[in-house]
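Commentary on secondary and tertiary structure
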Amino acid sequence: MKLLFYITFVCFFSMGCGSVTQQQYKTHTVQKGETVFSIAKRYGVTKEAIYKLNPDAKSGVQTNAVLILPNKTMVDLDNSEIRFKQHRVKRRETLFSISQLYNVSQDDIKKYNKELYSRQLKKGEKIMIPQRIANTGSASTGGSTTSETETETTENTHTVEAKETKYGIARKYGITIAELAALNPKMGESLQIGTVLRVPETSVTDTAMIEDERFAFYEVQPKEGFYRLEVKLGLSEEEIVRLNPYAKDGLKDGMILKIPKESAEIVASGTAEIVDLTNRITNRSKKKIALMLPFQLKETVSDSIDANSEVIKKNSGMRVALDFYSGVLMATEFAKDKGISVELDVYDTEGSVSKTANIVSQNNFKEIDAVIGPLLSKNVEKAASELRSSDTPVFSPLSNKNIKLYSNLFQTLPTDEMLQATMLDYLKQNESSKNYILVSDDTRNAQRQTILSEMPNTKTVSLRKGAFLYVGDIDSKIDKTRENWIILESTNPVLVSNVVGLLNGLPANYKVRLLTLDKNDAYDYHDVSNVHLANLNFTFPSVNKSYDFNDKNAFLVSYKNEYGVLPNRYAVRGFDVAYDVLLRLASADDVYKATDSDYETEYIENKFRYSKKLFSGYQNQAVYLIKFNKDLQFEEVK
């Protein structure tokens, strides 16, 4: 009986204490797009009150973070203020000793350092110590303050100065345009010098850094994350955070970012203008081009045609180099027809980094207008690094790996991330009228998460043990009233073959289309029928398109007349890259000035739209969307 009494007493006491706490505080789980300002407004409390209970919120709040909030009644009744002292934990210090040092309770310290509810103190960490201030302004203190620094925030206003904009002011104080407008309902579209605005208590960035003519502002759109901004602006997460330190904890809708003007021009222009550079030729001086390719000539036998033919057959790298070279030669001929004189210096890198370095060191590249090649990413990086001091532009022609973009390096192939982002944009544009069904396996987990995050209404199909499906697995997800777009994400050729076959076996009245973010080697598997892919209007992103064999294009005709065969994709790539470089050189003083304007060029199978990346080189952002049509031909999706 006594034991039951004690249990009952403890429970009653606990509930009583809990009710007192609940009367004073509440919690809030941060939703996507919310800020401290919007949360404070929702609950009728001040931002300062939230910061008092959640000091870490001063650097921004993340989605799903839990904030402690004061009840409004408690805020109204509390006539005192709190300031904080920062304390660095020393060796052997405990929560108790620190509470005694500052004459505060352990619970008060935990309240403003929530992580201490679940772990012990760590030597060297900094914690916030609350210090209550009476209405007279005097603070209660206790102990030594040798290693502490005080931080205090107050209400603030901002007087608009010359050249300041709403974007710059919002960014300075870490709020959105909408929040700035809410604080200043009569602000209007334009700001007048001398206007006094209500703003948050503290700024998060330096004014001098904001008002810089080299930079512009960008407002983060709904659902935009670092991944999508890298594609849109050409800036990596690291580069964005470097310019906007307060974005380190994530992006939010309406956040104002400082970005280079080059990136802002890309956004402002929207779809780039497609131009024909043959109509812009103004610089007809001789163009000096260096071509670096892995010919590997030391493996050939000088006096034996048959032996050399066998060497070429066995060496795929040599074949690629020779095919690419044939396209470059054709480009120089086309340039000459346009009145552009070309001097072509050809070097054999042998596929070696050291050989590449020797070529640069033993030859004069100061008068070279552009270097095309080498083919391998490690050799391209070496060439760009060695030629950076002379600012000689280097074009990487075939590798789209994440190579180090030196300031003089042009990456001519879009990255895999750009390809995937282009397809995602296409899917989102058509989402409202289609039924999306996702089939994916463990090889594409990242893509699966991205798709479901961007398009949460997408249906998913669970794979059976052994990574395969039955027709009923897909049939149950089909919407017979509208078009069904099946998004297949896998590098497993067996699964790809399985899904493609099942989709072709569905009833004829089902409207089905197959799409993927990445057309990898699995789609070339011998069991994957091209006829089946064509029946499904298979759609995917690509760095290039395929030319029509029946097209009487001048390049195709000239190439066949010269070599007796139609060009393969490496020969076409050689022509497209080299011809674009030559025409850019002929349309401006140099290649760098030819990329100042945001425009797009297109040739036989490739298109180019270069964007300058912050603190690095140039990236081609032009991507194709390709569909396999009923005639077994690849066509561009406009």
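What this report covers is the structure whose coordinates are included nearby. (Residues numbered from 1 in each chain as written. Predicted model: local features only at pLDDT ≥ 70, side-chain atom pairs only at ≥ 80, totals over all residues. Heavy atoms only, no water.)

Topic: the overall build of the protein chain
When helices and strands are counted, the protein chain shows 24 helices and 26 strands. Within the span of the protein chain, comprising 638 residues, buried residues form 47% of the whole. Contacts in the protein chain between residues far apart in sequence, at least 24 positions, make up 69% of those at least 6 positions apart. Within the structure as shown, the protein chain displays about 32,300 Å² of accessible surface, and the carbon and sulfur contribution to it stands at 49%. (Helix = DSSP H or I, 4+ residues; strand = E, 2+ residues; numbered from the N terminus. Buried < 20%, exposed > 50% of the residue type's maximum accessible area, 1.4 Å probe, protein only. Contact = heavy atoms within 4.5 Å. Areas by Shrake-Rupley, 256 points an atom, 1.4 Å probe, with all protein chains shown as cover.)

Brief notes about unusual backbone geometry
At the junction of Gly373 and Pro374, the peptide bond is cis and its omega measures out at -5° in the coordinates. Tracing the chain through its elements places Pro374 in the loop between strand 13 (370-372) and helix 16 (377-387). Within the chain, Asp391 stands out as a residue other than glycine whose phi angle is a positive 60°. Inspection of the secondary structure puts Asp391 in the loop between helix 16 and strand 14 (394-396). Taking the relative accessible area as the measure of exposure, Asp391 reaches 40% and is therefore partly exposed. Positioned with a positive phi, Leu632 is a non-glycine residue whose angle comes to about 60°. Looking at where Leu632 falls in the secondary structure, it is placed in the loop between strand 25 (624-628) and strand 26 (634-636). On the accessibility criterion, Leu632 (43% relative accessible area) is partly exposed.

Some thoughts on the pairing of strand 11 (residues 287-293)
For strand 11, a buried count of six out of seven residues is recorded, marking the element as mostly surrounded by other parts of the structure. Strand direction decides the pairing type here: strand 11 and strand 12 (residues 342-348), joined by seven bridges, are parallel. Among the inter-strand pairings, Lys288 is bridged to a residue of strand 12, identified as Glu343. (Pairing = 2+ DSSP bridges.)

So, the environment of Leu566
Its place among the elements puts Leu566 in the loop between helix 22 (554-563) and helix 23 (569-587). Counting along the chain gives 17 residues from Leu566 to Phe549, while the straight-line C-alpha distance between them is 8.2 Å. Once you skip the residues sitting within four places of it in the chain, Leu566 turns out to touch Tyr547, Phe549, Leu556, Tyr559 and Lys560.

Notes on the packing of helix 13 (residues 305-314) against helix 14 (residues 316-337)
For the pair helix 13 and helix 14, the least separation of the axes is 5 Å and the interaxial angle reads 100°. Between helix 13 and helix 14, the interaxial angle falls into the category roughly perpendicular. Contact residues: helix 13 offers Val311, Ile312, Lys313 and Lys314, while helix 14 offers Ser316, Met318, Arg319 and Leu322. (Axes fitted to C-alpha atoms, helices over the stretch in contact; angles between N-to-C directions. Parallel < 35°, antiparallel > 145°, perpendicular 65-115°, else oblique.)

Comments concerning the packing of helix 14 against helix 23
In the contact formed by helix 14 and helix 23, the axes pass within 7 Å of each other and the chain directions differ by 40°. It follows that helix 14 is oblique to helix 23 by the angle criterion. Judged by the twist between their axes, the crossing of helix 14 over helix 23 is right-handed. Only Tyr570, Ala571, Arg573, Gly574, Phe575, Ala578, Tyr579 and Leu582 of helix 23 make contact with helix 14, whose side of the interface consists of Val320, Asp323, Phe324, Ser326, Gly327, Val328, Met330, Ala331, Thr332, Phe334 and Ala335. (Left-handed = near helix turned anticlockwise from the far one by under 90°.)

Quick notes on the pattern of salt bridges
Here the structure, examined in full by the defined rule, presents 19 salt bridges. Asp479 is the partner of Arg482 in a salt bridge, and the nearest nitrogen-oxygen pair spans 2.9 Å. Looking at Arg482, the relative accessible area reads 31%, which means it is partly exposed. Take Asp479: its relative accessible area is 17%, and that puts it in the buried class. A salt bridge links Glu636 to Lys607; the nearest nitrogen and oxygen atoms lie 3.7 Å apart. With Glu636 in strand 26 and Lys607 in strand 22 (residues 607-608), the pair connects residues that are 29 residues apart, well separated along the chain. For Glu636, a relative accessible area of 21% puts it in the partly exposed group. What you see here is one network of salt bridges that share partners, running through Glu600, Lys607, Arg609, Glu636 and Lys638. (Salt bridge = Lys/Arg side-chain N within 4 Å of Asp/Glu carboxyl O.)

So, the side chain of Asp580
Looking at the secondary structure, you find Asp580 in helix 23. Within the local environment of Asp580, its side chain forms a polar contact with the side chain of Arg584, the two groups lying 2.8 Å apart. With residues up to four places along the chain from it excluded, the contact list for Asp580 reads Leu277, Thr601, Tyr603, Phe608 and Tyr610. (Polar contact = N/O pair within 3.5 Å; in protein donor to acceptor, adjacent residues only side chain to side chain.)

Section: the nonpolar core
Residues Ile289, Ile372, Phe555, Phe575 and Tyr579 are the most contacted members of the largest nonpolar core, which totals 47 residues. The set of elements that each furnish at least two residues to this core consists of strand 11, helix 14, strand 13, helix 22, helix 23 and helix 24 (591-594). Looking at this core element by element, the count peaks at eleven residues for helix 23. Once you skip the residues sitting within four places of it in the chain, Phe555 turns out to touch Met330, Phe334, Pro567, Ala571, Val572, Phe575 and Ile604. Counting residues in each nonpolar core, the second largest holds 29 residues, with Ile478, Leu495, Tyr510 and Phe538 among its members. (Core = buried A, V, L, I, M, F, W, Y, C linked by side-chain atoms within 4.5 Å.)

Observations concerning the sheet that holds strand 10 (residues 273-274)
The sheet built from three strands is open, its strands ordered 10-21-22 with mixed pairing. Each of the sheet's edge strands pairs with one partner strand only, and the pair in question is strand 10 and strand 22. In the sheet, strand 21 (residues 599-602) pairs with strand 22 via two bridges, with the strands oriented antiparallel. By the bridge assignment, Thr601 is partnered in strand 22 with Phe608.

Observations regarding the packing of aromatic side chains
Scanning the entire structure with this criterion turns up 25 aromatic pairs. Pairing Phe395 with Tyr610 gives two aromatic rings, centres 6.2 Å apart and planes at 75°, and the pair type is edge-to-face. Here Phe395 is found in strand 14, whereas its partner Tyr610 is found in strand 23 (residues 610-612), with 215 residues between them in sequence. Take Phe395: its relative accessible area is 0%, and that puts it in the buried class. Taking the relative accessible area as the measure of exposure, Tyr610 reaches 5% and is therefore buried. In this structure, Arg513 packs its charged tip against the face of Trp485, placed 4.8 Å from the ring centre. (Phe/Tyr/Trp six-rings, centres within 6.5 Å; stacked < 30°, edge-to-face > 60°. Lys NZ or Arg CZ within 6 Å of the ring centre and 35° of its normal.)

Details of the environment of Phe295
Tracing the backbone shows Phe295 in the loop between strand 11 and helix 13. According to the relative accessible area criterion, Phe295 is buried, its value standing at 6%. Residues Phe295 and Thr349 lie 54 residues apart in sequence; the distance between their C-alpha atoms is 7.1 Å. Excluding anything up to four places from it in sequence, Phe295 contacts Met318, Ala321, Leu322, Tyr325, Val346, Tyr347 and Asp348.

Examining the sheet that holds strand 14
Reading across the sheet, the seven strands line up as 12-11-13-14-15-24-23 and stay open at both edges, with mixed pairing between neighbours. Single-partner strands in this sheet number two, and they are strand 12 and strand 23. Pairwise comparison of adjacent strand axes, ignoring direction, gives a mean angle of 25° for this sheet. Across three bridges, the pairing between strand 23 and strand 24 (residues 618-620) is antiparallel. Each residue of the ladder has a partner; that of Lys612, found in strand 24, is Tyr618. Sheet contacts for helix 16: strand 11, strand 13, strand 14 and strand 15 (409-411); angle to strand 14, the most-contacted strand, approximately 165°.

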